[in-house]
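The lines below spell out each chain.
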Amino acid sequence: FHSLFLLNNIPMAGSEVLKIVFLCVLWYGSSTGSNIISKQILSELPYPLTVAVVHMLTLTCLLGPATIYFKIPPTPDVTRKFYLKRIVPLALGKLLGAISTHFSIWKVPVSYAHTVKALMPLFTVLLSILILRESFHWKVY
């Protein structure tokens, strides 16, 4: 794996490419597993808002230890204005998305909910264009 790959014209070693592929597969697998487990929980405990909030709080509690374990460098300091303008809307969108996902998993088959959830990057780009007036490189589209 000593050959180089290009990602956005940035050379990458084969091991880095494998790491990215592994992380994508891990993300997809954990997302699928989460949907199936959520469906089982919601069939016994039909309170999607409670399940969504507990899910988000659990992720929040596990984030610190995970960043230490995976040696992820700390984020740079951000201004209060940046935090309120960029981070808070993203966090609220993530919370709304989690609640919507749990409601959809509660009411519809997991396969349909997972398909809709997989389209999230498309909706993210579209909403960024419509709400934030951002433009992207043609490769994103």
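Residues numbered from 1 in each chain as written. Predicted model: local features only at pLDDT ≥ 70, side-chain atom pairs only at ≥ 80, totals over all residues. Heavy atoms only, no water.

Draft legend 1. Seen up close, the overall build of the protein chain. Within the protein chain, the regular secondary structure consists of 5 helices and 2 strands. Expressed as a percentage of the 141 residues in the protein chain, the buried residues total 13%. A separation of at least 24 residues holds for 51% of the contacts in the protein chain among residues at least 6 apart in sequence. As displayed, the protein chain has an accessible area near 11600 Å², and 73% of this comes from carbon and sulfur atoms. (Helix = DSSP H or I, 4+ residues; strand = E, 2+ residues; numbered from the N terminus. Buried < 20%, exposed > 50% of the residue type's maximum accessible area, 1.4 Å probe, protein only. Contact = heavy atoms within 4.5 Å. Areas by Shrake-Rupley, 256 points an atom, 1.4 Å probe, with all protein chains shown as cover.)

Draft legend 2. Here's a closer look at the confidence of the model for the protein chain. On average, residues of the protein chain score 81 in pLDDT, and 88% of them are at 70 or above. Helix α2 (residues 48-69) holds the highest mean pLDDT among the elements of the protein chain, 90, whereas strand β1 (residues 4-7) holds the lowest, 50. (pLDDT = per-residue confidence, 0-100.)

Draft legend 3. Seen up close, the packing of helix α1 (residues 14-44) against helix α3 (residues 80-107). Direction vectors running N to C along α1 and α3 enclose 65°, while the axes themselves pass 9 Å from each other. In terms of their interaxial angle, α1 and α3 are classed as roughly perpendicular. When the axes of α1 and α3 are compared, the crossing they make is right-handed. Residues N35, S38, K39 and L42 of α1 form the contact with α3, whose participating residues are T101, H102, I105 and W106. Considering only residue class, the contact of α1 with α3 consists of 3 nonpolar, 4 polar and 1 charged. (Axes fitted to C-alpha atoms, helices over the stretch in contact; angles between N-to-C directions. Parallel < 35°, antiparallel > 145°, perpendicular 65-115°, else oblique. Left-handed = near helix turned anticlockwise from the far one by under 90°. Nonpolar A, V, L, I, M, F, W, Y, C, P; charged D, E, K, R; others polar.)

Draft legend 4. Focus on α1. The end-to-end C-alpha distance of α1, which contains 31 residues, comes to 45 Å, matching closely the 45 Å that a straight helix rising 1.5 Å per residue would cover. The set of residues buried in α1 consists of G14, S31, N35, S38 and L42. (Expected span 1.5 Å × (residues − 1).)

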